[in-house]
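Architecture at a glance
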Amino acid sequence: MSSMFKEIEFEQPNFFEFTKENLKLANKIADKYPKNQQRSAIMPLLYLVQKQHNNWIPKVAMDYIASLLDIPAMQVYEVASFYTMYNKQPVGKNLVQICKTTPCWLRGSDEITEACKSKLGIDIGETTKDGKFTLVEVECLGACVNAPMVQINDDYYEDLTPELMTKVLNELEGGNKPSIGSQTGRQCSAPKE
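Summary of the structure given here. Owing to the predicted nature of the structure, the values given are computational and were not obtained by experimental measurement.

**Topic: the sheet that holds strand β1 (residues 94-99)**
One open sheet holds the five strands; their spatial order is β2-β1-β3-β4-β5, and the pairing between them is mixed. The open sheet has two edge strands with one neighbour each: β2 (133-138) and β5 (181-182). In this structure, β1 lies alongside strand β3 (residues 150-152), joined through three bridges in antiparallel fashion. Residue pairing for β3: Q97 is matched across the bridge by Q151. Sheet strands touched by helix α6 (residues 109-120): β1, β2 and β3. Its angle to β1, the strand with the most contacts, is close to 155 degrees.

**Considerations on the side chain of E158**
Here E158 lies in strand β4 (residues 155-158). Here E158 occupies a buried position and makes no salt bridge, while the nearest side chain of opposite charge, R186, is found at 6.9 Å. One polar contact links E158 to N146, side chain to side chain, over a distance of 2.6 Å. Excluding anything up to four places from it in sequence, E158 contacts A143, N146, P148, M149, G181, S182 and Q183.

What counts as what
Sequence positions are assigned chain by chain, starting from 1 and proceeding in written order. Given that this is a predicted model, residues contribute local features only at a pLDDT of at least 70 and side-chain atom pairs are listed and counted only at 80 or more, while totals for whole chains, interfaces and linings are drawn from all residues. Hydrogens and water are ignored here; the side-chain numbers use all heavy atoms of the structure. Pairing between strands is defined by DSSP: at least two bridges between them are needed. The helix and strand labels rest on DSSP assignments: H or I over at least four residues marks a helix, E over at least two residues marks a strand, and numbering proceeds from the N terminus. Here, residues are in contact when the closest pair of their heavy atoms is within 4.5 Å. Geometry is summarised by axes, namely lines fitted to C-alpha atoms with helices restricted to the contacting stretch, and by angles between N-to-C directions that run from 0 to 180 degrees. Relative accessibility under 20% of the residue-type maximum defines a buried residue, over 50% an exposed one, and the middle range a partly exposed one, all with a 1.4 Å probe and only protein chains included. His is not counted, nor are the chain ends, whereas Lys and Arg count as positive and Asp and Glu as negative. Think of a salt bridge as a Lys or Arg side-chain nitrogen and an Asp or Glu carboxyl oxygen that are within 4 Å of each other. A 3.5 Å cut-off defines polar contacts: any pair of N or O atoms within that distance qualifies, except that in protein one atom must be a possible hydrogen donor and the other a possible acceptor, and neighbouring residues in sequence count only when both atoms are side-chain atoms.

Here's what the structure looks like:
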């Protein structure tokens, strides 16, 4: 279990299999690799599981991938536990990942963190009672020039202030999709002015 989450009690499912569409996609992914290198498909298959299973990967799904690729389950566990992008416990509908690396920190990620905590009423590694949000801190997300930024699920929100971060969270809370990218209207990574 990743250290960025607080330990919670949750029930592991007893069964997992890909949907018909995802099984076709999984086989297509696995077919890209030579038969003696099937373990190379572990990462994209873990991602596919996470997408299908409410943004987290149960143990039974890791076993399923191992069986699909005909490899030892330990190889799948090793990959899933090494990379923080794989959630091994349930997370909220919106996984808010705050970048805490130096460029974001210098540009105010601590204030973004406090705005999130205040708005959501949770601490780092926790999920809101309604299951809508999980808040974590992560290392570099690669958008340093537009710091501070957060990743929520697969989307980047950049050039944040505490007020803009709260606005993004309010929109998500209301079931809306905020515009992704720069929250100040900056084009790509062009100079601010």
